[in-house]
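# Chains, contacts and geometry: an overview
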2 protein chains.
Amino acid sequence: MSAASREDCESLDAADPLAPLRERFTIPAGLIYLDGNSLGLMPRAVAGRADAVLGEWSARLIRGWMEEGWWDLPLRVGAKIAPLIGTAAEQVVVCDTTTTNLYKTLTAAVRLRPERRVVVIQESSFPTDVYVAESVARQMDGEFRVLKSGEPLEAALDGGVAAAVMNHVDFRTAEIADMAAATRAIHDAGALALWDLSHSAGVLPVRLEECGVDFAVGCTYKYLNGGPGSPAYLYAAARHLADSAQPIPGWMGHADPFLMENEYRASAGIRRFLTGTQPIISMSILDAALDAYDRVDLAAVRAKSVALTSRFIELVDERLGLEVLSPRDPERRGSQVSLRHPEAAAVHDKLMGAGLQGDVRSDDILRFGFNPLYVSFADVWDAVEVLAAVLGEA
Amino acid sequence: MSAASREDCESLDAADPLAPLRERFTIPAGLIYLDGNSLGLMPRAVAGRADAVLGEWSARLIRGWMEEGWWDLPLRVGAKIAPLIGTAAEQVVVCDTTTTNLYKTLTAAVRLRPERRVVVIQESSFPTDVYVAESVARQMDGEFRVLKSGEPLEAALDGGVAAAVMNHVDFRTAEIADMAAATRAIHDAGALALWDLSHSAGVLPVRLEECGVDFAVGCTYKYLNGGPGSPAYLYAAARHLADSAQPIPGWMGHADPFLMENEYRASAGIRRFLTGTQPIISMSILDAALDAYDRVDLAAVRAKSVALTSRFIELVDERLGLEVLSPRDPERRGSQVSLRHPEAAAVHDKLMGAGLQGDVRSDDILRFGFNPLYVSFADVWDAVEVLAAVLGEA
């Protein structure tokens, strides 16, 4: 099948039920933005919200904590993310960074399996996840076991494993893991499953509860468009909440914070994973940004994602002949296509100069992320045009 | 000596060299704001900075990390705080929350004394500090020793102590600790000294290096006016940097983050205390807010602070007869005055209704904070007028 023409892509855009969502974002003129897997575009709604929260601070001052709802903002924004990751609101809280949230949830997980000493992590994980897993294992005088790429998960699982940290979508290749099967295997070994959703939430349906996941963490500045360094989120299954002991207790997670007592008693709910006072301005902007997902059907987002990446791969195959690192089976591919090129950094610089923004990982990987909320089929066509021109294949 | 009249206070304002600084802040009409020890007023400069950082995000997108300097913002803002706490720039970084920073620095401190098992904390500490100290002690299978109020520090120190967490200014009473003497005593016991500066930085000179302090943490939304939940800071003495191992390693603190390698190698400098990606919008606003301290002499700030709190106490003594919990010796008093009242919460509600914002702690403490950058002597007079009216002493 031929990938056809730009007109063909324009027809797809004209028929795309999600196309109007693009209007919810600020898109710089002349830019083809395929880096929403690193930092999402700015939703238009955030400018007004920034003004509003500065108004709350300047006028309401300390009373803003209760009267403007800052106190509960981590839970309210968590409740907006919950449906995107397949869970009820009361199990998600927005706070801190993905790193810190992984540290808190992984420590809580291993404490739920005190007789076990092994933490499993994938070699292909985002490096920070590896560092955190190693640190948590060292702090419990335990073992840190790295699952090599290509090895079956079962090879790393035995009766000593307390918890396994899994990537939902691989940040280099965009390969989607089978969350249900992997979680089942981890549970069969008596261990707990912790998933990093940084590269999946927002562009494909995530089914944490359906898959029986124990804990999860994720970032909000990629596909969720929360802005640079916007606060992260974490999920804890309801069945673990009462027994979860996280290592950074703070008054925000205390059962009765205003008693100001020196004995820590964790809040009954997900609030126990809160530590210190959260950055309310950044979190308010994330709150507004998430409204870009208002009344958006994630199944439609996923269908468009598959169509965008499939079309991109077809055009790459036809016109560029670069090695496609991402799975060719769309069922196994997230909303990103990675291409191998030995001079990735130099190519990337030229692409930027020509108006195409992707990014580079591991020296020889060009990554292109497709957020179906704002990437069009015409963008796909234009991106390949730029690639062809830069690579001299035009 | 009589506290005299409002006219007398107006004369003091007219002669106050810091009075023009008030123009740097947005002050709601009709409000006497004595709660800058909880959440500082909004500096006028932040509105423009909020617009600017949204412009950076929307136009520059992922390139903002390098081209707009987001990547180094934690160090640049740290460098602005450094002179306020008596240290060189390269030892301060802004990130995360005070809670998380205390957890990271305290863990790093106890790891520097691996043969010792005791963490000392003050009973009078902010409760979160107690929770964190207990958590860190438990994670090293160590002991958690609480120094009772009124006991000399030496009573808690012996050859088993790895680190002691100290309050610079007590959040209930505003009593200033003798940082030099306490740090010396802690060092004499072979332990490391970690100070919480949340209630001192910005309103009195802090001399971390002169006092030989090992680690410090502090909050930026109180006297530093960074906005609700603005990111916190931490200090690590240069002599400890190379050997400091913090427990939440992340790629932002890696010696070469873009290598994306699975082995953690900590950055050579203070950057090793960074964990995940920081909230750039909140941090940019803090950066702008700190410009309110541009060309401000901290000795003058301290002199005005003493004058404001002394005048307030005189008027309280003359007109109200409430018990003053804060030290009467101005040398031992931070920029806050605490009054005891058995119905503190009810009184507080009436004060708010009459335009005076302070706050309440521990049921029977009314706290009033005086940030000399924007609190005037007329505010002091007016605050006591409101107190007298509410308490029926007018």
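Think of each chain on its own: its residues are numbered from 1, step by step along the sequence as written. Labels follow written order: the first chain is A, the first ligand is 1, and so on. pLDDT decides what is reported in this predicted model: residues at 70 or higher carry local features, side-chain atom pairs at 80 or more are listed and counted, and totals for whole chains, interfaces and linings draw on all residues regardless.

By the criteria applied, helices consist of DSSP H or I runs no shorter than four residues and strands consist of E runs no shorter than two, each listed in order from the N terminus. In terms of helices and strands, chain A carries twelve helices and 15 strands. Rg of the C-alpha trace for chain A: 22 Å, near the compact-globule value of 21 Å for 394 residues, within the 12% margin. Expressed along its principal axes, the backbone C-alpha trace of chain A runs to roughly 70 × 60 × 35 Å. The burial criterion counts other C-beta atoms lying within 10 Å of a residue's C-beta, which is placed from the backbone; the residue is buried at 20 or more, exposed at 12 or fewer, and partly exposed between these limits. Relative to its 394 residues, chain A shows a buried fraction of 55%. Contact between two residues is assigned when their C-beta atoms, built from the backbone, lie within 7 Å. Long-range pairs, those at least 24 residues apart, make up 71% of the contacts in chain A with a sequence separation of at least 6. Computation of the radius of gyration draws on C-alpha atoms alone. For the globule rule, the value is 2.2 Å times the number of residues to the power 0.38.

So, on to the packing of helix 4 (residues 73–81) of chain B against helix 9 (residues 280–289) of chain B. Residues and elements named next belong to chain B. Every axis in this analysis is a line fitted to C-alpha atoms, fitted for helices over the stretch in contact. Angles between the N-to-C directions lie between 0 and 180 degrees. Following both chains from N to C, one finds helix 4 and helix 9 inclined at 25°, their axes separated by 10 Å at the closest point. Put simply, helix 4 runs roughly parallel to helix 9. Relative to helix 9, the crossing made by helix 4 is left-handed. Facing helix 4, whose interface residues are Leu73, Pro74, Val77 and Lys80, helix 9 presents Ile280, Met283, Ser284, Leu286 and Asp287. Here the residues of the contact of helix 4 with helix 9 sort into six nonpolar, one polar and two charged. If an angle is under 35 degrees, it is roughly parallel; if it is over 145, roughly antiparallel; if it lies from 65 to 115, roughly perpendicular; otherwise it is oblique. Handedness of each helix crossing follows the sense of rotation of the near helix against the far helix: counterclockwise by less than a right angle gives left-handed, clockwise gives right-handed. By the convention adopted, Pro, Cys, Tyr, Trp, Phe, Met, Ile, Leu, Val and Ala count as nonpolar, Lys, Arg, Asp and Glu as charged, and the other residues, Gly among them, as polar.

All names here are of chain B. The backbone of Leu61 sits at a positive phi, close to 50°, despite the residue not being glycine. Summarising the element assignment, Leu61 is placed in the loop between helix 2 (45–60) and helix 3 (64–67). Even without glycine at this site, Ser362 takes up a positive phi of about 55°. Relative to the helices and strands, Ser362 is located in the loop between strand 14 (359–361) and strand 15 (365–369). On the neighbour-count criterion, Ser362 (14 C-beta atoms within 10 Å) is partly exposed.

The next point concerns the relation of the copies chain B and chain A. Least squares is the method used to superpose the copies, on C-alpha atoms of residues holding a pLDDT of at least 70 in both. Superposition record for chain B on chain A: RMSD 0.0 Å, screw rotation 180°, translation along axis 0.0 Å. What the superposition gives is, in effect, a two-fold axis relating one chain to the other. Every residue of chain B has its C-alpha some distance from the rotation axis, and the shortest such distance is that of Ser282 of chain B, at 2.6 Å. Taken together, the interface assignments show that 100% of the residues at the interface of chain B recur at the interface of chain A, consistent with an identical surface on both copies.

Next up on the list: the interface of chain B and chain A. Counting from both sides, the interface comprises 61 residues of chain B and, opposite them, 61 residues of chain A. At the level of secondary structure, the elements contributing two or more residues to the side of chain B that touches chain A comprise helix 2, helix 5 (98–111), helix 6 (127–139), helix 9 and strand 14 of chain B. Take the side of chain B that touches chain A: its biggest share by element is eight residues, from helix 6 of chain B. For the side of chain B that touches chain A, the class distribution of residues is 31 nonpolar, 23 polar and seven charged.

Turning next to the domain arrangement of chain A. One widely used convention gives an interface's size as the accessible area the parts lose upon coming together. Residues and elements named next belong to chain A. For chain A, the assigned domains read domain 1 (6–43 + 297–390) and domain 2 (72–293). Summarising the inter-unit geometry, the C-alpha centres of domain 1 and domain 2 are found 28 Å apart. Each side of the interface is counted separately: domain 1 has 31 residues, and domain 2 has 22 residues. Among the secondary structure elements, those contributing two or more residues to the side of domain 1 that touches domain 2 are strand 3 (42–43), helix 10 (298–319) and strand 12 (336–340). For the side of domain 1 that touches domain 2, the leading source of residues is helix 10, giving five residues. Bear in mind that the domain bounds are from an automatic or database domain assignment.

Residue and element names in this part refer to chain A. All of the buried residues along helix 7 (residues 179–188) are Met179, Ala182, Thr183 and Ile186. Mapping the buried residues of helix 7 onto a view down its axis gives an arc of 100°, with all of them on the same face. In helix 7, the exposed positions that point more than 90 degrees away from the buried face belong to Ala181 and Asp188. For helix 7, the elements touching its buried residues are strand 7 (161–167) and strand 8 (192–196). Phi for Gly190, located one or two positions after helix 7, is positive at around 80°. The arc in question is formed by the directions pointing from the helix axis toward the C-beta atoms.

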